[in-house]
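Structural description and commentary
What follows is each chain in one-letter form.
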Amino acid sequence: MKTPRTVLVALLAGVALTACAGPGDEPASPSPSPTGAAPVTSQPDPAPSASPSRPDPTWKGGPSTPPGVGGTTLSGTIRAGVEPNCLLLDDHLLVGGPRDLLKAGAKVEVTGRPEPGMMTTCQQGTPFVVESARPA
């Protein structure tokens, strides 16, 4: 009676571990199908080198460009947020952009896109990804 119980526990543990495997936990080489052919698997597209909604960290600023589709231009005086390194412009949290130009007290015009779902460490304002900025 002890042997069937041990086998049952081992079988359930194996099933539980198999159920925990995620979609990316597939074997390195696919096993052949009953017809002898390897199954077709789709590979994810490689990520682009620069996302259009994220600023380039090497960007040094320059003239403001017109906003693209879904883009917005804001202008005004930047104020400091309550957390360190958090800058706000008209209740928008400025994310990215040239930090030598974007400082508390600076009058600027920035172009970019609001990203309300973006997570930040700043607890104020709607995140606004800066694509370009210039002094106002």
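Within each chain, residue numbers correspond to sequence positions counted from 1 in written order. The predicted nature of this model means local features are confined to residues of pLDDT at least 70 and side-chain atom pairs, given and counted, to a pLDDT of 80 or more, with totals for whole chains, interfaces and linings taken over all residues. Side-chain calculation: all heavy atoms of the structure are included, whereas hydrogens and water are not.

Think of it this way: any DSSP run of H or I at least four residues long counts as a helix, any run of E at least two long counts as a strand, and we number them from the N terminus. Assigned secondary structure in the protein chain consists of 1 helix and 6 strands. Secondary structure elements of the protein chain occur, N-terminal to C-terminal, as α-β-β-β-β-β-β. Accessible area is worked out with a 1.4 Å probe on protein chains only. A residue is then buried under 20% of its type maximum, exposed over 50%, and partly exposed in between. Within the span of the protein chain, comprising 136 residues, buried residues form 20% of the whole. Partitioning the intrachain contacts of the protein chain with sequence separation of at least 6 by distance along the chain shows that 62% fall at a separation of at least 24. Computed by Shrake-Rupley with a 1.4 Å probe, the accessible areas treat only the displayed protein chains as cover when residues are assessed. Just so you have it, the protein chain exposes about 9,700 Å², and 61% of that area is on carbon and sulfur atoms. Residue contacts are counted whenever heavy atoms from the two residues lie within 4.5 Å of one another.

As a further point, take the nonpolar core. With 12 residues, the main nonpolar core is built from Leu74, Ile78, Leu87, Leu89, Leu94, Leu102, Ala106, Val108, Val110, Phe128, Val130 and Ala133. Among the secondary structure elements, those contributing two or more residues to this core are β3 (87–89), β5 (107–114) and β6 (126–135). Of the residues forming this core, the biggest block, 3 residues, is contributed by β6. Non-local contacts of Leu102, meaning those with residues more than four positions away in its chain, are made with Ile78, Leu87, Leu94, Gly96, Gly97, Val108, Val110, Val130 and Ala133. To form a nonpolar core, buried Ala, Val, Leu, Ile, Met, Phe, Trp, Tyr and Cys residues must be joined to one another through side-chain atoms within 4.5 Å.

Atom-level detail of predicted coordinates should not be read off regions where pLDDT is low. Confidence scores labelled pLDDT are given residue by residue by the predictor and lie between 0 and 100. For the protein chain, the average pLDDT comes to 74, and 55% of its residues sit at 70 or higher. By mean pLDDT, helix α1 (residues 2–19) is the weakest element of the protein chain at 68, and β3 is the strongest at 97. Across residues 41–64, confidence stays below pLDDT 50; counting only partners more than four residues off in sequence or on other chains, it has 26 contacts.

Moving on, we come to the sheet that holds β5. Whether parallel or antiparallel, the strands of a sheet pair through hydrogen bonds between backbone atoms. Each pair of strands is called paired provided DSSP finds at least two bridges between the two strands. Overall, mixed pairing links the 6 strands, which are arranged β1-β5-β6-β4-β3-β2 in an open sheet. A strand with exactly one partner marks an edge of an open sheet, and here the two such strands are β1 (72–77) and β2 (79–80).

Another aspect to go through is unusual backbone geometry. Of note in this structure, Asp90 is not a glycine but carries a positive phi near 50°. Checked against the element boundaries, Asp90 lands in the loop between β3 and β4 (92–95). According to the relative accessible area criterion, Asp90 is partly exposed, its value standing at 47%. Unusually for a residue other than glycine, Asp91 sits at a positive phi of about 60°. The exposed category is assigned to Asp91, whose relative accessible area is 52%.

Within the element layout of this structure, Thr111 appears in strand β5. Throughout this description, a polar contact denotes any pair of N or O atoms lying within 3.5 Å of each other; where both atoms belong to protein, one of them has to be capable of donating a hydrogen while the other can accept it, and for residues adjacent in sequence the pair is counted only when both atoms sit in side chains. A distance of 3.4 Å separates polar atoms of two side chains, one belonging to Thr111 and the other to Thr73.

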